[in-house]
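Residues per chain, in single letters:
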Amino acid sequence: MNVITRRGALRLFVHARAFSTAPPPRLRRLGRVLVLSSALTTSVLGYTFYNDASNIETAPFDTRTLSDLVRAYIVYGTCSIAPLVDVAPTILDILFGIPGVSKIVEIFVRATFFHQFVGADTTNGVLPLLTSLRTENKGAIFAYTVEVEEEGGAGQTNVERRPAHKHFVEEIIRSINASADFEDGMDGSQNGHIGRRTWVAVKLSAMLPNAQSLINLSTHLTNTRASLEPPVLFPGTPLPSDLSILHSSTSARALTESDIHDLKELYNDLVQICTRAEERRIRVFIDAEYSWYQPAIDAFGHALMERFNKLPSNNFRQTWWDISSWTSSPSVREPVHDKVRPLVYVTYQAYLRRTPAHLTHSLALAHARGYALGVKLVRGAYHPYELAAHQLARSASSAVESYPSNHSRSLSISPDPEPPVQPSKDATDQCYNDCATLLIDAISRDIHRSGRFGAPGIGVFFGTHNWTSCEFILDELVKKGLGVGERVGVDEVQKDAVWIPLEVGERIAFGQLYGMSDALTNYLVGRMRCERPCVIKFVPFGALVQASFLIPYAIPFGTGSSASIHKVMPYLSRRAIENKSVLGAGAATRERKEAAALIWKKMKGLVMS
């Protein structure tokens, strides 16, 4: 009887276990591991966030919202991991190629990186951002810009069978019109073009069927330009005769007939863009690129400046007997000039060893030829590529006789034994500040020459993410009498506000890339006092062409579909890699920590309120 009872009880126990909802031991162990891992991960993230928020002092004048700061913390937390930045393009290509996963990745990317660095999906979609920036006393460089893959051409066609480089020209003109329409809708007290702070940037390598034509012209100029005293290192400095080869009956060994045809068309397209910009009173910025493009880019840039930045013959200095200059109120005074000057700006890269001599020559050339010099001063984004290309060219040159087929072709065309770029970041920083000093001196002389309301003979855009350089430039402006310092208190921090007269504000501006160094941008806006914005965000918008050939570069906007993300993402990953001068050397970590500190500050404020 006892045996039967035991067997029945055992049978009942087995049946009970079979219908039990309790998880088996293996699942229970897995659950404990997941809970412990989640708790550990949360603890690590919490400690990291607390450590980030506690170990940095926030800059004053920051106006970002809590959602902006959370997004920035996630984005720059990712960018702080250098190996991840390097492999990002490969990872994204893989993830976007997996059905199902690609949609999840797209949603994440759009909510984080896309909104951090990209203005909107369409031209009209960018307009609310321009309005938001202007309410914060910031301007914008509005650009449809692409990067050309070195192994491919820019002249591919899009789905509508239009050449990509012609589509680019159309987008630039559309950007000019959108910028002008926006400015026309701003404060009606603006005196025509005075104070307009929505500009447009162009990239020449995207405006050709094949960017090799720029390299060929650069090679021709490097081999044929007359020597200067003192000499200017590669990639040299432009001369007025640089583009004469386009109209010469003499053939050039480095240039094919197709090159000549395409380069003439490029010049005509640039004239079309600048003519429209002049009509709508919108400044045009010509981007710098790799050194093997730069001699040709400089030639086109200075030819355009001589044509569109021409100073009026009566651009004399106003004197005390011009009674209207000191009896009229500022709101009714009229400038002597009636056109935007400078209209065209070219880019000077401080990481090139030639830049101080190149800039000095450019100032002298502009003065001698009677046009205003437009300068965008940057550090440069291609340093590691320039070093690698130069090293490959040197090694290939020394081994070509023995192993001509075993060496990859280098794009470098420099004849110099040393690389064209500075040997170190410190040398680049010093060069940037030296050039800034040279330019501030030129601005001071120009104002003395032309008076308060004469046409500016120089305009300078300081493109920099470097706090030290920004402070240095502000100090130099005050030291040279171009700004007036005044002690002000903001958020219990005493800082010198710098009052910038209108005639100085028309000649200078600071700028940072959209989505980067927002703390620095807000700090400069808070410190500088001027009738018009003196701080600009470089705002790129995205490509509408095949992503395999063209990659968005400068406010980016996309197509409004998942293809938009696919085409803008290469821009984001490329900029992260190329701007290690911005994101590297701890800069991404600083951005992350600043965001954390401001999040902590805002959260405490919410709790206390």
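These numbers were taken from a predicted model, which means no experiment stands behind them.

### Describing the packing of helix H8 (residues 212-224) against helix H10 (residues 294-308)
Stage number 1. One way to put it is that H8 packs onto H10 with a least axis distance of 7 Å and a crossing angle of 85°. Here H8 lies roughly perpendicular to H10, going by the angle between them. Contacts from Leu214, Leu217, Ser218, Leu221 and Thr222 in H8 reach Gln294, Pro295, Ala296, Ile297, Ala299 and Phe300 in H10.
Stage number 2. Taken together, the residues of the contact of H8 with H10 break down into eight nonpolar, three polar and no charged.

### A short note on the confidence of the model for the chain
Stage number 1. Counting all residues, the mean pLDDT for the chain is 79, and 72% of those residues have values of 70 or more.
Stage number 2. This stretch, residues 403-407, has a pLDDT under 50; its non-local contacts, to residues over four places away or in other chains, come to four contacts.
Stage number 3. Confidence drops under a pLDDT of 50 for residues 543-566, and excluding neighbours within four residues, the segment shows 116 contacts in the predicted structure.

### Concerning helix H7 (residues 164-184)
Stage number 1. Between its first and last C-alpha, H7 extends 30 Å over 21 residues, near the 30 Å set by a 1.5 Å rise per residue.
Stage number 2. In terms of residue burial, H7 counts as a mostly covered element, since 15 of its 21 residues are buried.

### Remarks on the packing of helix H15 (residues 467-479) against helix H17 (residues 518-527)
Stage number 1. Interhelical geometry of H15 versus H17 gives an angle of 15° and a closest axis separation of 11 Å. Comparing the axis directions of H15 and H17 gives the class roughly parallel. Classified by chirality, the crossing of H17 by H15 is right-handed. Note on element contacts: H17 touches H15 through Ala519, Leu520, Tyr523, Leu524 and Arg527, opposite Trp467, Cys470, Glu471 and Leu474.
Stage number 2. Here the residues of the contact of H15 with H17 sort into seven nonpolar, no polar and two charged.

### Considering the nonpolar core
Stage number 1. Leu214, Phe300 and Phe462 are the most contacted members of the largest nonpolar core, which totals 111 residues.
Stage number 2. Setting aside residues no more than four positions away along its own chain, Phe462 makes contact with Leu377, Tyr432, Ala436, Leu439, Ile440, Ile473, Ile508, Ala509, Phe510 and Gly511.
Stage number 3. Counting 30 residues, the second largest nonpolar core, distinct from the first, contains Tyr73, Phe96, Ile141 and Ala509.

### Here's the deal with the side chain of Glu476
Stage number 1. Following the sequence through the fold, Glu476 ends up in helix H15.
Stage number 2. When its relative accessible area of 7% is taken as the criterion, Glu476 is described as buried.
Stage number 3. Within polar-contact distance, the side chain of Glu476 engages the side chain of Lys479 at 3.0 Å.
Stage number 4. Setting aside residues no more than four positions away along its own chain, Glu476 makes contact with Thr437 and Ile440.

### With respect to the pairing of strand S3 (residues 198-202)
Stage number 1. Burial runs high along S3: five of the five residues are buried.
Stage number 2. Every second residue of S3 is oriented toward a common face, with Thr198, Val200 and Val202 on one face and Trp199 and Ala201 on the other, all of them buried.
Stage number 3. Where strand S1 (residues 139-144) and S3 come together, four bridges link them in parallel fashion. In the sheet register, Phe142 faces S3, and the bridge partner there is Val200.
Stage number 4. Pairing of S3 with strand S4 (residues 284-286) involves three bridges; the strand directions are parallel. Residue pairing across strands places Val202 opposite Ile286, the latter belonging to S4.

### Concerning the environment of Leu311
Stage number 1. Mapped onto the elements of the fold, Leu311 is located in the loop between H10 and helix H11 (324-327).
Stage number 2. Expressed as a C-alpha distance, the spacing of Leu311 and Lys339, which sit 28 residues apart in the sequence, is 9.4 Å.
Stage number 3. When near neighbours in sequence (up to four residues on either side) are disregarded, Leu311 contacts Gly370, Tyr371, Ala372, Arg449, Ala455, Pro456 and Gly457.

### Considerations on the environment of Trp199
Stage number 1. Looking at the secondary structure, you find Trp199 in strand S3.
Stage number 2. With relative accessibility at 4%, the residue Trp199 sits in the buried group.
Stage number 3. Note: C-alpha distance between Trp199 and Phe538 (339 residues apart in sequence) is 9.2 Å.
Stage number 4. For Trp199, the contacting residues outside a window of four places in its chain are Ala140, Ile141, Phe142, Ser179, Ile282, Arg283, Phe285, Phe461, Ala509 and Ile536.
Stage number 5. Within polar-contact distance, the side chain of Trp199 engages the backbone oxygen of Arg196 at 3.0 Å.

Conventions adopted
Residues numbered from 1 in each chain as written. Predicted model: local features only at pLDDT ≥ 70, side-chain atom pairs only at ≥ 80, totals over all residues. Heavy atoms only, no water. Axes fitted to C-alpha atoms, helices over the stretch in contact; angles between N-to-C directions. Helix = DSSP H or I, 4+ residues; strand = E, 2+ residues; numbered from the N terminus. Parallel < 35°, antiparallel > 145°, perpendicular 65-115°, else oblique. Contact = heavy atoms within 4.5 Å. Nonpolar A, V, L, I, M, F, W, Y, C, P; charged D, E, K, R; others polar. pLDDT = per-residue confidence, 0-100. Expected span 1.5 Å × (residues − 1). Buried < 20%, exposed > 50% of the residue type's maximum accessible area, 1.4 Å probe, protein only. Left-handed = near helix turned anticlockwise from the far one by under 90°. Core = buried A, V, L, I, M, F, W, Y, C linked by side-chain atoms within 4.5 Å. Polar contact = N/O pair within 3.5 Å; in protein donor to acceptor, adjacent residues only side chain to side chain. Pairing = 2+ DSSP bridges.

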